[in-house]
Amino acid sequence: SLGDHLPDFKECVQVCTTENCQNGNSVLPLHHRLLLWTCPAECDYTCQHVITDRRVSRDPPMISPIVQFHGKWPFRRLLGMQEPFSVLFSFFNFAAHWHGMSRIQESIPAWHSLRPYYMMFGYIGLASWSFSVVFHMRDFPLTEKLDYWAAGANVLYGLYLAVVRIFRLDLENTPYRPTLRRLWTAICVLLYTLHVGYLTFWSWDYTYNMIANVVVGVIQNLMWTGFSIFRYQRLLKSWTAWPGMIVAWIIMAMSLELLDFPPWNGLIDAHSLWHLGTVVPAVWWYSTPLLFNFDFTRSFRAPILLKLLTAPSNQSHICAMASPAIKKAITEAALQYTKPEGKVFEYGTAGFRMKADLLNTVVFAVGLLASLRSKKLSGQWIGVMVTASHNPAEDNGVKLVDPMAEWEAYATRLANAPLDKIADVYDELIKEIDVKMTNPARVVFARDTRASGSRLVGVLNAALTATEVEFVDFKYMTTPQLHYVVRCKNTLGTQYEYGEPTEQGYYEKLANSFKKVMRGVKVQGSLTVDCANGVGGPKLRELMKYLNGIDIKVVNDDVINPDALNFDCGADYVKTKQRAPPSSKAAVLDRCASLDGDADRLVYYFLDESNVFRLLDGDRIATLAASFIGDLARNAGIASKLKIGVVQTAYANGASTDYVEKVLKLPIICTNTGVKHLHHAALRFDVGVYFEANGHGTVTFSENALKVIKNTEPQSPAQQHALESLQALTDLINQAVGDALSDALLVEAILAHKGWSPKEWLGTYTDLPSRLVRVEVNDRSIFKAYDAERKLESPPGLQGTIESLQSRYNKGRSFARASGTEDAVRVYAEAASRSEADDLATRVANAVSEAGSA
Ligand SMILES: CC(=O)N[C@H]1[C@@H](OP(=O)(O)O)O[C@H](CO)[C@@H](O)[C@@H]1O
């Protein structure tokens with residue numbers, strides 16, 4: 001550089017070394033010696049500043065007084081560090097990677113196939129920024145080489161990761177992906193080796209190094225930008241554009257590197273600012289949802305040319321089918337059972353449900369499907385529940401926790417396969433769903449108290465054993481308890497950890513959060529719970545051992561007599577008959593509640609002062625919960641940050657819909673019948689309160705809601721109390737699924753907070769009298785509904801008839817739809833008076849019956 005050729009500088013260094021450097025380095029302070037400063041280096045440094053100061057203060061002034069020495073600007077050192085701000089900013093980058101890696105560990109489950117790639121990105125980031133710290137502390141040939149080698153690795157790994165991530169080469173679900181991945185890894189390793197080899201053994205060429213990094217950087221930047229644009233066009237979510245924005249930021253920061261200028265105050269130069277500029281994108285990068293559940297390949301297939309270039313390997317073929325041993329085991333196990341003749345099975349609104357005698361082969365098929373689903377999800381736990389909920393004791397059923405529409409179709413296919421062909425259908429599904437058979441499969445299952453349950457669990461066991469699945473039998477459980485366990489198991493070790501995946505963990509979580517919600521208030525009187533003589537009885541008794549401050553009387557908990565289940569009791573009985581179970585001994589104004597057979601539904605009721613039965617159904621629980629949570633959010637000062645909404649079905653009483661819209665002033669979504677539809681819609685809100693009128697429902701909290709509740713700093717004791725109550729509510733409520741036990745505690749807590757008896761609760765609005773009628777028809781499939789099942793498009797003309805009928809009644813509303821669980825059409829009607837509602841229901845039922853028998 002110009003500086004070290006200046007005669008003044010050379011002379012200064014020579015004089016300095018001659019005068020000072022005769023006695024070794026002993027005069028240097030310890031921290032300078034530790035950073036390997038020597039006396040001649042000290043002279044060099046001092047002379048750089050003596051000469052620079054002299055040039056700066058020259059009169060007349062020089063045009064460019066500050067010049068470089070040995071390829072660098074004359075920096076002021078700090079504690080012996082040559083470029084202290086580059087050291088500091090490099091350290092910031094190191095910290096960003098460190099923090100980001102811990103976020104990856106928290107938020108990406110260990111089984112996720114992208115996790116190792118992101119962790120590797122982090123390790124390379126840590127290494128390269130450590131070397132950058134060292135290099136900027138002291139510039140020696142070795143520290144410089146380490147810095148450049150690591151920076152090169154960092155940039156090239158970024159490109160490697162971009163390709164792996166965008167084309168999802170981490171997946172094993174197609175034959176070409178593993179081959180492409182190996183090829184791409186080999187190319188990158190070769191390129192890096194050549195790069196380092198050229199720099200080390202051929203020429204330490206700064207220009208080449210810069211060009212190589214810029215080219216590789218620009219390619220990956222273009223890829224991420226394209227990826228962002230593509231994703232943004234499809235999803236219209238601002239975060240999809242993050243990678244493109246990160247890239248734009250990096251390019252702006254990089255331009256600093258090209259704008260070389262002398263350091264301000266001898267401290268901050270363009271290079272250090274470039275290091276500062278990369279801190280934000282590093283932090284940002286680790287926050288992008290790119291990291292998780294962001295699957296580009298669903299809609300994008302690798303170019304055909306790439307496919308042609310990569311012949312599928314044999315191993316991939318083996319992955320895409322069951323081994324002969326497993327197929328043999330499946331066939332042998334399946335042939336132990338007999339398929340009911342002529343019966344066609346269909347996965348309905350709540351799984352398969354029918355007479356228990358017919359279910360063996362269906363349960364076997366669901367076992368096979370659970371194993372495929374778990375493998376497809378790289379070993380996530382899948383739940384299988386054996387229950388027929390509110391159906392009579394001789395029925396049973398089986399459902400997956402949680403199926404998606406296409407999986408319901410696969411279940412139907414497997415269930416209808418002839419037993420000697422079921423292994424072939426299993427194989428077809430492996431190919432169709434792209435299941436990697438070398439993935440582990442994990443299943444948890446449980447059952448309600450039906451006598452047929454143990455036989456069916458035996459069948460399930462046989463299917464899981466034949467397909468070599470790791471499974472845990474939780475014996476008797478309520479359906480919501482199984483949902484809880486599945487969620488806990490799948491979130492274990494992540495930031496979304498839901499709780500201890502045991503029954504005891506479930507009780508402890510409910511009891512602890514109930515205690516917190518109840519701080520400062522007391523439950524008045526007792527609650528009588530009718531357990532439908534199902535599994536909810538013993539489980540409620542168990543829960544009570546963990547609860548304090550609540551007096552629960554358990555009735556209808558006979559699980560010994562197999563015929564007692566759901567007989568003249570339970571939530572379904574109470575809701576459809578609109579009366580208390582005949583066994584009820586509740587006095588006037590006593591709070592009563594009924595569960596259904598697997599404890600996922602809850603309704604409340606009481607006798608008013610005139611001994612009239614009063615029902616508080618799912619609509620009532622929803623309005624109670626929504627108003628309470630709304631109040632808490634306002635008291636906590638976070639109402640403007642949370643979008644609270646209610647989800648209902650067409651069966652919700654019109655008065656409840658009016659109340660939510662006009663009094664609570666909350667948005668409502670109306671969905672098709674079936675909790676899976678409601679649950680899905682609820683997730684569109686920060687706080688989504690969803691209940692079917694029959695009492696099945698819960699409240700979901702978005703990630704944003706959980707964060708706001710957790711991180712808001714209270715400004716007053718009242719605000720703190722509201723925030724704590726909200727926080728406890730998020731634990732008390734079973735967010736995985738509607739849960740009668742958790743819902744009952746929620747209702748009790750809210751009534752205690754409001755100081756309400758059921759009478760005040762009932763007084764919030766007046767239900768319109770309603771009637772539900774079941775109409776048997778020849779073929780219910782001709783009844784096709786739309787508009788959230790509130791209208792019929794076929795049979796032709798029927799909708800017009802229904803509308804003209806309902807217009808004759810004050811506040812008349814009626815609709816008909818085919819049931820998803822029974823071979824019937826359901827007719828619903830409501831109107832201003834009981835007689836009008838009944839009349840409207842009868843007339844519409846007649847019209848349906850006529851259209852159905854035509
Ligand atoms: C009017 C009514 O109560 N319908 C019930 C009933 O569905 P249908 O499709 O109406 O048969 O069973 C479902 C499953 O339990 C439940 O989600 C739903 O609310």
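Residues numbered from 1 in each chain as written. Predicted model: local features only at pLDDT ≥ 70, side-chain atom pairs only at ≥ 80, totals over all residues. Heavy atoms only, no water.

## Some words on the overall build of the protein
Thought 1: Regarding its fold elements, the protein presents 32 helices and 19 strands.
Thought 2: Taking all 854 residues of the protein together, the buried fraction comes to 54%.
Thought 3: Carbon and sulfur atoms form 58% of the exposed surface of the protein, whose accessible area is close to 38,100 Å². (Helix = DSSP H or I, 4+ residues; strand = E, 2+ residues; numbered from the N terminus. Buried < 20%, exposed > 50% of the residue type's maximum accessible area, 1.4 Å probe, protein only. Areas by Shrake-Rupley, 256 points an atom, 1.4 Å probe, with all protein chains shown as cover.)

## Notes on the sheet that holds strand S8 (residues 591-595)
Thought 1: Judged by pairing direction, the sheet is mixed, and its five strands sit side by side in the order S7-S6-S8-S9-S10 without closing on themselves. The open sheet is flanked by strand S7 (551-555) and strand S10 (613-616), the only strands paired with a single partner. With direction set aside, neighbouring strand axes in the sheet form an average angle of 25 degrees.
Thought 2: As defined by bridge partners, strand S6 (residues 526-530) adjoins S7 across five bridges and the pair is classed as parallel. Residue pairing in the sheet places valine 529 in a bridge with valine 554 of S7. (Pairing = 2+ DSSP bridges. Axes fitted to C-alpha atoms, helices over the stretch in contact; angles between N-to-C directions.)

## Observations regarding the sheet that holds strand S15 (residues 770-775)
Thought 1: Reading across from one edge, S15-S19-S18 is the order of the three strands in this open sheet, with antiparallel pairing throughout. Pairing within the sheet leaves two strands with one partner each, and these edge strands are S15 and strand S18 (813-818). Adjacent strand axes in the sheet meet at a mean angle of 15 degrees when their direction is disregarded.
Thought 2: Bridge count between S15 and strand S19 (residues 825-830): six bridges; the pairing is antiparallel.

## Describing the packing of aromatic side chains
Any aromatic ring pair is given by two values, namely how distant the centres are and how the planes are angled relative to each other.
Thought 1: The tally for this structure, following the rule as stated, stands at 30 aromatic pairs.
Thought 2: Arranged with centres 5.3 Å apart and planes meeting at 65 degrees, the rings of tyrosine 604 and tryptophan 761 form a pair that is edge-to-face. With tyrosine 604 in strand S9 (residues 602-607) and tryptophan 761 in helix H30 (residues 758-762), this pair connects stretches of sequence that are 157 residues apart.
Thought 3: Note on tyrosine 604: relative accessible area 1%, which makes it buried.
Thought 4: Residue tryptophan 761 is classed as buried on the basis of its relative accessible area, which comes to 1%.
Thought 5: An aromatic cluster is defined as three or more aromatic residues linked by ring pairs; in this entry it consists of Tyr117, Phe121, Tyr157, Tyr160 and Trp184.
Thought 6: Here the basic side chain of arginine 77 rests over the ring of tyrosine 45, its NZ or CZ set 4.2 Å away from the ring centre.
Thought 7: Arginine 620 extends its terminal NZ or CZ atom over the ring of tyrosine 765, reaching a point 3.8 Å from the ring centre. (Phe/Tyr/Trp six-rings, centres within 6.5 Å; stacked < 30°, edge-to-face > 60°. Lys NZ or Arg CZ within 6 Å of the ring centre and 35° of its normal.)

## What about the site of the ligand?
Thought 1: The environment of the ligand is formed by 14 residues, the closest being Asn694, Ser819, Gly820, Thr821 and Arg826.
Thought 2: Residue arginine 601 places a side-chain N or O atom 3.5 Å away from an oxygen atom belonging to the ligand.
Thought 3: Serine 819 has a polar side-chain atom sitting 2.5 Å from an oxygen atom of the ligand.
Thought 4: Across the shell around the ligand, the residue classes tally to two nonpolar, eight polar and four charged. (Near = heavy atom within 4 Å. Polar contact = N/O pair within 3.5 Å; in protein donor to acceptor, adjacent residues only side chain to side chain. Nonpolar A, V, L, I, M, F, W, Y, C, P; charged D, E, K, R; others polar.)

## Side note on helix H16 (residues 360-376)
Thought 1: Counted at 1.5 Å a residue, the expected span for H16 with its 17 residues is 24 Å, and the 25 Å between its end C-alpha atoms agrees.
Thought 2: In the stretch just after H16, serine 378 is the one whose phi turns positive, near 55 degrees. (Expected span 1.5 Å × (residues − 1).)

## Some points on the pattern of salt bridges
Thought 1: Within this structure, the stated rule accounts for 41 salt bridges.
Thought 2: In this structure, glutamate 83 engages lysine 72 in a salt bridge whose closest nitrogen and oxygen atoms are separated by 2.5 Å. Linking glutamate 83 in the loop between helix H4 (39-56) and helix H5 (84-107) with lysine 72 in the loop between H4 and H5, this pair joins segments that are eleven residues apart in sequence.
Thought 3: Since its relative accessible area comes to 4%, glutamate 83 is described here as buried.
Thought 4: Judged by relative accessible area, lysine 72 falls into the buried class, the value being 17%. (Salt bridge = Lys/Arg side-chain N within 4 Å of Asp/Glu carboxyl O.)

## Comments concerning empty space enclosed by the protein
Thought 1: Tallied over the full model, the rule gives four cavities of 30 Å³ or more.
Thought 2: Size it by volume and the largest cavity reaches roughly 50 Å³.
Thought 3: Considering the residues around the largest cavity, the lining is formed by Val529, Leu540, Leu543, Ile552, Leu741, Ala744 and Leu745.
Thought 4: Those elements giving two or more residues to the lining of the largest cavity turn out to be helix H22 (536-546) and helix H29 (740-754).
Thought 5: The greatest single-element share of the lining of the largest cavity, amounting to three residues, is contributed by H29. (1 Å grid on protein atoms, 1.4 Å probe; cavity = no way out; pocket = protein on both sides within 12 Å on 5 of 7 lines; lining within 4 Å. Points joined across faces, edges and corners; volume = space filled by probe spheres on them.)

## Observations regarding the side chain of histidine 49
Thought 1: Structurally, the position occupied by histidine 49 is in helix H4.
Thought 2: Assessed through its relative accessible area of 10%, histidine 49 is described here as buried.

## Here we look at the environment of threonine 338
Thought 1: With respect to the helices and strands, threonine 338 occurs in the loop between helix H15 (324-334) and strand S1 (352-355).
Thought 2: When the C-alpha positions of threonine 338 and leucine 419 are compared, they lie 8.0 Å apart, and in sequence the two are 81 residues distant.
Thought 3: Those residues within four positions of threonine 338 in sequence are excluded, and the remaining contacts are Thr361 and Leu419. (Contact = heavy atoms within 4.5 Å.)

## Points about a nonpolar patch on the surface
Thought 1: A contiguous nonpolar patch, built from Leu88, Phe91, Phe92 and Leu276 and spanning about 330 Å² of accessible area, is present on the exposed surface.
Thought 2: When residues in the nonpolar patch are grouped by element, the largest group, three residues, is from H5.
Thought 3: Mapped onto the fold, leucine 88 is located in helix H5.
Thought 4: On the accessibility criterion, leucine 88 (36% relative accessible area) is partly exposed. (Patch = residues over 30% accessible without salt bridge, like charges linked within 9 Å, V, L, I, M, F, W, Y side chains within 5 Å.)

## A closer look at the confidence of the model for the protein
Any region with low pLDDT has predicted coordinates that should not be read closely.
Thought 1: With 93% of its residues at a pLDDT of 70 or more, the protein has an overall mean of 88.
Thought 2: This stretch, residues 289-318, has a pLDDT under 50; its non-local contacts, to residues over four places away or in other chains, come to 56 contacts.
Thought 3: This prediction of the complex comes with two scores: 0.67 for pTM and 0.98 for ipTM. (pLDDT = per-residue confidence, 0-100.)

## Observations regarding the state of the cysteines
Thought 1: Evaluated as defined, the whole model comprises three disulfides.
Thought 2: Across a sulfur-sulfur distance of 2.0 Å, cysteine 12 and cysteine 47 are joined as a disulfide pair. Between cysteine 12 and cysteine 47, the S-S dihedral sits near -85 degrees, and the bridge is therefore left-handed. With cysteine 12 in helix H2 (residues 7-20) and cysteine 47 in helix H4, the pair connects residues that are 35 residues apart, well separated along the chain. Summarising the burial analysis for this pair, cysteine 12 and cysteine 47 share the class buried.
Thought 3: One disulfide in the model links cysteine 16 with cysteine 43; its S-S distance is 2.0 Å. Linking cysteine 16 and cysteine 43, the disulfide has an S-S dihedral of approximately -70 degrees and is accordingly described as left-handed. Taken together, the residues cysteine 16 in helix H2 and cysteine 43 in helix H4 connect sequence positions 27 residues apart. (Disulfide = S-S within 2.5 Å.)

## What about unusual backbone geometry?
In terms of backbone geometry, most residues other than glycine have negative phi values and most peptide bonds are trans.
Thought 1: Along the chain, serine 794 connects to proline 795 via a cis peptide bond; the corresponding omega equals 0 degrees.
Thought 2: If you check the backbone angles, arginine 168 has positive phi at about 50 degrees while not being a glycine.
Thought 3: Looking at the secondary structure, you find arginine 168 in the loop between helix H7 (141-166) and helix H8 (176-202).
Thought 4: With a phi close to 55 degrees, glutamate 468 is a non-glycine residue in the positive phi region.
Thought 5: Tracing the sequence through the fold places glutamate 468 in the loop between helix H19 (453-466) and strand S5 (470-476).
Thought 6: A relative accessible area of 60% places glutamate 468 in the exposed class.

## Topic: the nonpolar core
Thought 1: Core analysis: the biggest nonpolar cluster contains 85 residues, and Phe514, Tyr604, Ile638 and Leu729 have the highest contact counts within it.
Thought 2: Looking at this core, the element that brings in the most residues is H29, giving ten residues.
Thought 3: When neighbours within four sequence positions are excluded, phenylalanine 514 is seen to be in contact with Val523, Leu547, Asn548, Ile550, Leu732, Leu745 and Ala749.
Thought 4: Of all hydrophobic cores here, the second largest spans 53 residues; its members include Trp407, Ala423, Val425 and Val457. (Core = buried A, V, L, I, M, F, W, Y, C linked by side-chain atoms within 4.5 Å.)

## Concerning the pairing of S10
Thought 1: Of the pairings in the sheet, the one linking S9 to S10 comprises four bridges and is antiparallel in character. Within the sheet, the bridge partner assigned to phenylalanine 606 lies in S10 and is arginine 614.
Thought 2: As consecutive antiparallel partners, S9 and S10 are separated by five residues, and within that stretch asparagine 611 has a phi angle of approximately 65 degrees, a positive value.

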